[in-house]
2 protein chains.
Amino acid sequence: MTQVPLEGFPDRVRIVDVGPRDGLQAWPEPVPTDVKIEMINGLIAAGVPQLEVTSFVAPRAVPNMADAAEVMAAIDRSRGVELTALVPNARGAARAIQSGVDAMVVFLSASQSHNQANVNCSREVSLAAAAEIAKMGQDAGVPVYGAIATAFGCPFEGDVPVEDIVLVAKAYADSGITKITLGDTTGMATPRLVQERCRRLASDVPDADVALHFHNTRGVGLACAYAGLQEGITRFEASVAGIGGCPFAPGATGNICSEDLVYMLEESGIHTGIDLDALIAVAQRTEAALGQKLPGQVMKAGPRLRKYGRDEVRSSSGSRA
Amino acid sequence: MTQVPLEGFPDRVRIVDVGPRDGLQAWPEPVPTDVKIEMINGLIAAGVPQLEVTSFVAPRAVPNMADAAEVMAAIDRSRGVELTALVPNARGAARAIQSGVDAMVVFLSASQSHNQANVNCSREVSLAAAAEIAKMGQDAGVPVYGAIATAFGCPFEGDVPVEDIVLVAKAYADSGITKITLGDTTGMATPRLVQERCRRLASDVPDADVALHFHNTRGVGLACAYAGLQEGITRFEASVAGIGGCPFAPGATGNICSEDLVYMLEESGIHTGIDLDALIAVAQRTEAALGQKLPGQVMKAGPRLRKYGRDEVRSSSGSRA
């Protein structure tokens, strides 16, 4: 079947795999460093152009990210992949720069109560820290991107006004941070909110280059990505195998799944530069290495045109008589 | 938040819950009749306007549908719900009419090899049977709808040309069957195919009133529904809790989940007339009754504005230090 892009859609999209960071940071068991490195190098070999590989946070707070520098040092960078890391403060930024990241990601929550719960300070204090890190990045020649958590809703406050997203995006832009990500921290995004927020940012903060980051908590993650494509968004964060959340906490779910997203995009004639079969293989190896069933669907069902023998397919209507 | 429908979307959609039929027909263990009846009456009480409640097939072929007449007799019809049943042949149609269904659903596969595997005859023989049943329905005053299986791809043949869908839809229309459903039997639909097929039917078979039926095999079911909404489709088949497929066969998955779909629609200002909380409760009771974890997400995470205490939410960035 000829693959021309769907009407009104971009013809190329950049996938940012955040599995090594967002997927593993809250994993309930220690994840060996070599498992992370194999996963990251596998993603790079599959053609993923950008990865959020780790987080330079206090090891005591997030034990699974304690090996940030070690992970960075072992990554195969021969293919020109862009490696980013999350940095919460100036100390983390210094470590990140030293480890050789291609870009740093600062973050704060659009809702005050979530920011307070997450990083124990007000949104304004976080914005000041972001400005400081932006300056450090500028001095070191390392770009700084900005993430906005709870951009589609807050688990404590409920709805988050779009004005708060605009306010944070403008503050980021004032600090020179124009590549921003709207983070759907607890899976509250809906296509309607995606449409509304993308349009408001396009009109009110035209400098902002917006990426989207969804969790599939309520099953609508890929529909939200689809809505984002229609708003012209061309960078999406996802995690291989849909890893994330806590497998022992019912309802806590991971990011949208990278290979399911790549499948949807490529089948719609939207190019990602990623080899889907190779990505599926990384997802399967990750599942095996972590020893937990992961939510990705395409890794279980196979690509669309996988052929089956008659004995493998159950009667769909059950009408054989 | 005010709920005006998304631009270019319908403001009302009809959900057809097919869980009692498509969800349970291949369930690997016998499902007690009272479990089915409680599920069906629960769906009706939640406001689901139409249900595919059973299948009048040979009991030997599909043991879980052997109680079709008994189920029909026990349904609470005081709310004016529309009850349909699948009928494979004239004998099944006679039983369905006798049991008092509101409409019968005939079916065949767009791909010859799947039709052969499923009902052991050619597409043309199935079309002749559909015409015979349409005549029976006309005589009995019972409407007949037509389902087209493998409408987005065939597990044996791969791609299914859109011309085959048009051909079957025209043949249905010639027999007076104008309410048709495009069935994504093994989860091969993509937004692009949805767009293409809906547009072709609208132009080539303008009499056809098209509904969509997706399986979430590759994770893109709700994105396909979203694409369908944009083509003006207003009837969607789904199953409560996402039940279906075979829980013991990896990769075999159920229909898109009714409550996840209702959540997406209602949050987009598209009305379904369904009480989401009540529907979630049916999903949870069904999961408990079947004793298997089911794929629905909203039934686990709760509605969008469910509020959490601080201790219930893990730090999203893991940056507390």
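Residues numbered from 1 in each chain as written. Chains lettered and ligands numbered in written order. Predicted model: local features only at pLDDT ≥ 70, side-chain atom pairs only at ≥ 80, totals over all residues. Heavy atoms only, no water.

**Comments concerning the packing of aromatic side chains**
Phase 1 of the analysis: Scanning the entire structure with this criterion turns up five aromatic pairs over all chains.
Phase 2 of the analysis: Between B:Phe9 and B:Tyr226 the ring centres are 5.0 Å apart and the planes differ by 45°, which places this aromatic pair in the tilted class. Of this pair, B:Phe9 sits in the segment before strand S1 (14-17) while B:Tyr226 sits in helix H9 (residues 221-230), placing them 217 residues apart in sequence.
Phase 3 of the analysis: Residue B:Tyr226 is classed as buried on the basis of its relative accessible area of 2%.
Phase 4 of the analysis: Arranged with centres 5.7 Å apart and planes meeting at 45°, the rings of B:Phe152 and B:Phe214 form a pair that is tilted. With B:Phe152 in the loop between strand S5 (144-149) and helix H7 (162-174) and B:Phe214 in the loop between strand S7 (209-213) and H9, the pair connects residues that are 62 residues apart, well separated along the chain.
Phase 5 of the analysis: Ring pairing ties together the aromatic residues A:Phe9, A:Tyr226, B:Phe9 and B:Tyr226, which thus form one cluster. (Phe/Tyr/Trp six-rings, centres within 6.5 Å; stacked < 30°, edge-to-face > 60°. Helix = DSSP H or I, 4+ residues; strand = E, 2+ residues; numbered from the N terminus. Buried < 20%, exposed > 50% of the residue type's maximum accessible area, 1.4 Å probe, protein only.)

**Some words on the sheet that holds strand S1 (residues 14-17) of chain A**
All names here are of chain A.
Phase 1 of the analysis: Ordered by their spatial adjacency, eight strands build a closed barrel running S1-S2-S3-S4-S5-S6-S7-S8, and the pairing between neighbours is parallel. Taking each pair of neighbouring strands and ignoring which way they run, the sheet shows an average axis angle of 25°.
Phase 2 of the analysis: Pairing between strand S5 (residues 144-149) and strand S6 (residues 179-183): three bridges, direction parallel. For Gly146, the partnering residue across the bridge sits in S6 and is Ile180.
Phase 3 of the analysis: Where helix H10 (residues 258-267) meets the sheet, it contacts S1 and strand S8 (235-238), and its direction lies at approximately 170° from that of S1. (Pairing = 2+ DSSP bridges. Axes fitted to C-alpha atoms, helices over the stretch in contact; angles between N-to-C directions. Contact = heavy atoms within 4.5 Å.)

**Considerations on the pairing of strand S4 (residues 103-109) of chain B**
Residue and element names in this part refer to chain B.
Phase 1 of the analysis: With seven of seven residues buried, S4 lies mostly within the body of the structure.
Phase 2 of the analysis: Residues Ala103, Val105, Phe107 and Ser109 of S4 are buried on one face, and the alternating residues Met104, Val106 and Leu108, pointing to the opposite face, are buried as well.
Phase 3 of the analysis: As defined by bridge partners, strand S3 (residues 82-86) adjoins S4 across three bridges and the pair is classed as parallel. Note on S4: the bridge partner recorded for Leu86 is Val105.
Phase 4 of the analysis: Assessed by its sense of winding, the connection that carries the chain from S3 through helix H4 (residues 90-99) to S4 is right-handed.
Phase 5 of the analysis: The pairing of S4 with S5 spans six bridges and is classified as parallel. When the sheet's bridge partners are listed, Leu108 is paired in S5 with Ile148. (Right-handed = clockwise from strand over helix to strand, strands pointing away.)

**What about unusual backbone geometry?**
All names here are of chain B.
Phase 1 of the analysis: Phi at Asn120 takes a positive value of approximately 60°, unusual for a residue other than glycine.
Phase 2 of the analysis: Checked against the element boundaries, Asn120 lands in the loop between helix H5 (112-119) and helix H6 (123-140).
Phase 3 of the analysis: The exposure class assigned to Asn120 is exposed, which follows from its relative accessible area of 60%.
Phase 4 of the analysis: Even without glycine at this site, Thr150 takes up a positive phi of about 50°.
Phase 5 of the analysis: Tracing the backbone through its elements, the reader meets Thr150 in the loop between S5 and H7.
Phase 6 of the analysis: Judged by relative accessible area, which is 0%, Thr150 ranks as buried.

**A closer look at the pattern of salt bridges**
Phase 1 of the analysis: A full pass over the atoms with the stated rule returns 30 salt bridges over all chains.
Phase 2 of the analysis: Between A:Asp204 and A:Arg200 there is a salt bridge; the shortest N-O distance is 3.1 Å. With A:Asp204 and A:Arg200 both in helix H8 (residues 191-204), this residue pair falls four residues apart, about one helical turn.
Phase 3 of the analysis: Judged by its relative accessible area of 30%, A:Asp204 is partly exposed.
Phase 4 of the analysis: Under the relative-accessibility criterion, A:Arg200 is labelled partly exposed at 27%.
Phase 5 of the analysis: Two residues, B:Glu52 and B:Arg21, come together in a salt bridge whose shortest N-O distance is 2.6 Å. Residue B:Glu52 is located in strand S2 (residues 50-55), and its partner B:Arg21 is located in helix H1 (residues 19-23); the two are separated by 31 residues in the primary sequence.
Phase 6 of the analysis: Classification of B:Glu52 as buried rests on a relative accessible area of 3%.
Phase 7 of the analysis: A cluster of three or more residues bridged by salt bridges with shared partners is formed by A:Arg21, A:Asp22 and A:Glu52. (Salt bridge = Lys/Arg side-chain N within 4 Å of Asp/Glu carboxyl O.)

**Some points on the sheet that holds S3(B)**
All names here are of chain B.
Phase 1 of the analysis: An order of S1-S2-S3-S4-S5-S6-S7-S8 is seen for the eight strands of this closed barrel, with the pairing classed as parallel. Strand-to-strand, the axes of this sheet are offset by a mean angle of 25°, without reference to chain direction.
Phase 2 of the analysis: Pairing of S1 with strand S8 (residues 235-238) involves four bridges; the strand directions are parallel. Across the sheet, the residue bridging to Arg14 is Arg235, located in S8.

**Quick notes on the confidence of the model for chain A**
Phase 1 of the analysis: In this model, chain A carries an average pLDDT of 92, and 92% of its residues clear a pLDDT of 70 or more.
Phase 2 of the analysis: Here residues 315-321 of chain A is modelled with pLDDT under 50, and outside its nearest four sequence neighbours on either side it reaches 31 contacts, counting other chains as well. (pLDDT = per-residue confidence, 0-100.)

**A short note on the packing of helix H9 (residues 221-230) of chain A against H10(A)**
All names here are of chain A.
Phase 1 of the analysis: Where H9 contacts H10, the axes come no closer than 11 Å and their chain directions differ by 45°. When the axes of H9 and H10 are compared, the pair comes out oblique. At the point where H9 passes H10, the crossing takes the right-handed sense. On the side of H9, the interface is formed by Leu222, Ala225, Tyr226 and Leu229, while H10 contributes Asp260, Leu261, Met264 and Leu265.
Phase 2 of the analysis: Counted by class, the contact of H9 with H10 contains seven nonpolar, no polar and one charged residues. (Parallel < 35°, antiparallel > 145°, perpendicular 65-115°, else oblique. Left-handed = near helix turned anticlockwise from the far one by under 90°. Nonpolar A, V, L, I, M, F, W, Y, C, P; charged D, E, K, R; others polar.)

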